Amino acid sequence: MAMILATEKWTYSDMLAKLPAESRYEIRNYNLIDMPSPTEKYQDLQFKLTLLLGNHIVSNRLGKFYQAPFDVIFDEGNTVQPDLLFVSNENKDIIKERVFLVHQI
């Protein structure tokens, strides 16, 4: 279960400056959220979805497909690391080297 870790406001810039890069944190409404490790059952399901969706996306050249961790930034106070993320070819311009600046997914 996710847990709020701090009472002060956090931004994505704060997260980059103050936390290790491999950390599993998200920011929601400027709250720093600790994201616990998924269960074995969840990992198994995610793997199967990755195979099914990934193969379909690649074989049909539909866009890019990513697995966590990969930061998705909605704004400075809302950053998430979705477990699976698809970006269509039409929206590929939102892909940056390290993060997504999301206008639409």
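Residues numbered from 1 in each chain as written. Predicted model: local features only at pLDDT ≥ 70, side-chain atom pairs only at ≥ 80, totals over all residues. Heavy atoms only, no water.

Caption draft 1: Local environment of the overall build of the protein chain. Check the secondary structure of the protein chain and you find 2 helices and 8 strands. Secondary structure elements of the protein chain, listed N to C terminal, follow the sequence β-α-β-β-α-β-β-β-β-β. Here the protein chain, with 105 residues, has 31% of them falling under the buried criterion. Taking all contacts inside the protein chain whose residues are at least 6 apart in sequence as the whole, residues at least 24 apart take part in 51%. For the protein chain, the accessible surface area stands at approximately 7200 Å², while carbon and sulfur atoms represent 56% of it. (Helix = DSSP H or I, 4+ residues; strand = E, 2+ residues; numbered from the N terminus. Buried < 20%, exposed > 50% of the residue type's maximum accessible area, 1.4 Å probe, protein only. Contact = heavy atoms within 4.5 Å. Areas by Shrake-Rupley, 256 points an atom, 1.4 Å probe, with all protein chains shown as cover.)

Caption draft 2: Representation of the environment of lysine 64. Counting through the fold element by element, lysine 64 comes out in strand E4 (residues 63-67). Of the residues examined, lysine 64 reaches a relative accessible area of 46% and is grouped as partly exposed. Spatially, the C-alpha atoms of lysine 64 and phenylalanine 86 are 5.8 Å apart, while their sequence positions differ by 22 residues. Apart from the residues within four sequence positions on either side, lysine 64 is in contact with Leu85, Phe86, Val87 and Ile95.

Caption draft 3: Structural context of unusual backbone geometry. Here the residue pair alanine 68 and proline 69 is connected by a cis peptide bond, since its omega of 0 degrees sits within 30 degrees of zero. Within the secondary structure layout, proline 69 lies in the loop between E4 and strand E5 (71-75). The phi dihedral of tyrosine 30 is positive, around 70 degrees, even though this residue is not glycine. Position of tyrosine 30 among the secondary structure elements: in the loop between strand E2 (25-28) and strand E3 (31-34). Residue tyrosine 30 is classed as partly exposed on the basis of its relative accessible area, which comes to 29%. For arginine 61, which is not a glycine, the phi torsion comes out positive at approximately 50 degrees.

Caption draft 4: Focus on the pairing of E3. In this structure, E2 lies alongside E3, joined through 4 bridges in antiparallel fashion. When the sheet's bridge partners are listed, isoleucine 27 is paired in E3 with leucine 32. Taking the residues between adjacent antiparallel strands as the criterion, E2 and E3 are bridged by 2 residues, where asparagine 29 takes a positive phi near 50 degrees. (Pairing = 2+ DSSP bridges.)

Caption draft 5: Region of the structure containing the environment of phenylalanine 70. As for its position among the elements, phenylalanine 70 is in the loop between E4 and E5. The class for phenylalanine 70 is buried, based on a relative accessible area of 17%. Expressed as a C-alpha distance, the spacing of phenylalanine 70 and valine 80, which sit 10 residues apart in the sequence, is 8.2 Å.

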